[in-house]
Amino acid sequence: MAKNNILKHLAIIMDGNGRWAKNQGKKRTEGHKVGAEVVREITTYCANHETIETLTLYAFSTENWKRPKAEVSFLMKLLDNYLRKELDVYMREDVRFETVGDISAFSDKLKKTISETKEVTKNNKKLTQVLALNYGSRDEIVRAANRVIKNNEKLTEESLSAALDSPYTDIDLMIRTSGEQRLSNFLLWQLSYSELYFTDTLWPDFKSDELESIIDEFYGRERKFGGI
Ligand code: FPP
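The rules we used
- Residues numbered from 1 in each chain as written.
- Predicted model: local features only at pLDDT ≥ 70, side-chain atom pairs only at ≥ 80, totals over all residues.
- Heavy atoms only, no water.
- Helix = DSSP H or I, 4+ residues; strand = E, 2+ residues; numbered from the N terminus.
- Rg over C-alpha atoms; globule rule 2.2 N^0.38 Å.
- Contact = heavy atoms within 4.5 Å.
- Near = heavy atom within 4 Å.
- Polar contact = N/O pair within 3.5 Å; in protein donor to acceptor, adjacent residues only side chain to side chain.
- Nonpolar A, V, L, I, M, F, W, Y, C, P; charged D, E, K, R; others polar.
- Phe/Tyr/Trp six-rings, centres within 6.5 Å; stacked < 30°, edge-to-face > 60°.
- Buried < 20%, exposed > 50% of the residue type's maximum accessible area, 1.4 Å probe, protein only.
- Expected span 1.5 Å × (residues − 1).

## Quick look at the overall build of the protein
Within the protein, the regular secondary structure consists of 7 helices and 6 strands. Here the C-alpha atoms of the protein give a radius of gyration of 17 Å, agreeing with the 17 Å that 2.2 N^0.38 yields for 228 residues. Projected onto its principal axes, the C-alpha positions of the protein cover 50 × 45 × 35 Å. For the protein, restricting intrachain contacts to residue pairs at least 6 apart in sequence, the fraction spanning at least 24 positions comes to 75%.

## Focus on the site of the ligand
Near the ligand you find 16 residues, and of these Asn17, Gly18, Arg19, Arg28 and Arg67 are the closest. Backbone polar atom of arginine 19 to an oxygen atom of the ligand: 2.7 Å apart, as the coordinates give it. The side chain of arginine 28 places a nitrogen or oxygen atom 2.9 Å from an oxygen atom of the ligand. The residue inventory of the shell around the ligand, partitioned by class, reads 7 nonpolar, 5 polar and 4 charged.

## Some words on the side chain of aspartate 80
With respect to the secondary-structure elements, aspartate 80 resides in helix 3 (residues 69-92). Side-chain polar atoms of aspartate 80 contact the side chain of threonine 113, separated by 2.8 Å. For aspartate 80, the contacting residues outside a window of four places in its chain are Lys109, Leu110 and Thr113.

## Examining the packing of aromatic side chains
Counting across every chain of the model gives 9 aromatic pairs. A ring pair is formed by tyrosine 90 and phenylalanine 97, whose centres lie 5.8 Å apart and whose planes are at 45°; its orientation type is tilted. Here phenylalanine 97 falls in the buried class, since its relative accessible area comes to 0%. Of the aromatic side chains, those joined through ring pairs into one cluster are Tyr58, Tyr135 and Phe186.

## Observations regarding helix 2 (residues 28-47)
Given 3.6 residues per turn, any residue in an α-helix points the same way as the ones three and four places further on. In a regular helix each residue adds 1.5 Å, so 20 residues correspond to 28 Å; helix 2 covers 29 Å between its end C-alpha atoms and thus fits that length. Along helix 2, the positions that sit buried rather than exposed are Thr29, Gly31, His32, Gly35, Ala36, Val38, Val39, Ile42, Thr43, Tyr45, Cys46 and Ala47.

These results come straight from atomic positions and should not be treated as a statement about function.
Put into structure tokens, the structure is as follows:
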């Protein structure tokens, strides 16, 4: 194993649900449904992985509101149902649920489900699953900077980091599915030294055996963090 390579924080841009559905002659929403099953499989895999402590998943971006109204409401309902149904899995697999992003825009019902899931799972230890919801990195950084200013603190890397929605560890590995090679406003600050991996696999086809081989590849990389 190369020095400095310990995978503690994995982040994933789950992309390609719509294309998967189109390829199967199904509605886009079918892709999201299967995508939610994959979230369960990958979360369970990470909870049982010996070094992964945090898994951050891009579930809904600040730009996703631009989608047709019916798709947005489907995604909201899917998330609500997922969290309710998933509580057993969070408890069985010892997973704490957290979010990043501005959830104030969500319905009261969804906000309640989110806060209840956080409360019930708050002492779980094996993995923290962080869903990025109504998340945009620039928005997060601006809100963090405003918090620092409001507290009359000096703006430093440390004070800004601590004021982010996601005061978790830096990301070690970021995977994007579906062949797109962009960051799409995802965790720009936290990805500064992350290894990046792009796979052509569409999210509904992404399985834990592929994740395992990506992790093997990650362990073969040498991370220099600007050194030599
Ligand atoms: C990208 O596929 C996916 C999303 C915008 C939403 C992610 C949602 C899920 C994986 C399912 C629900 C998640 C949870 C946590 C219950 P896309 O629609 O942009 O695909 P396309 O680029 O092929 O159109």
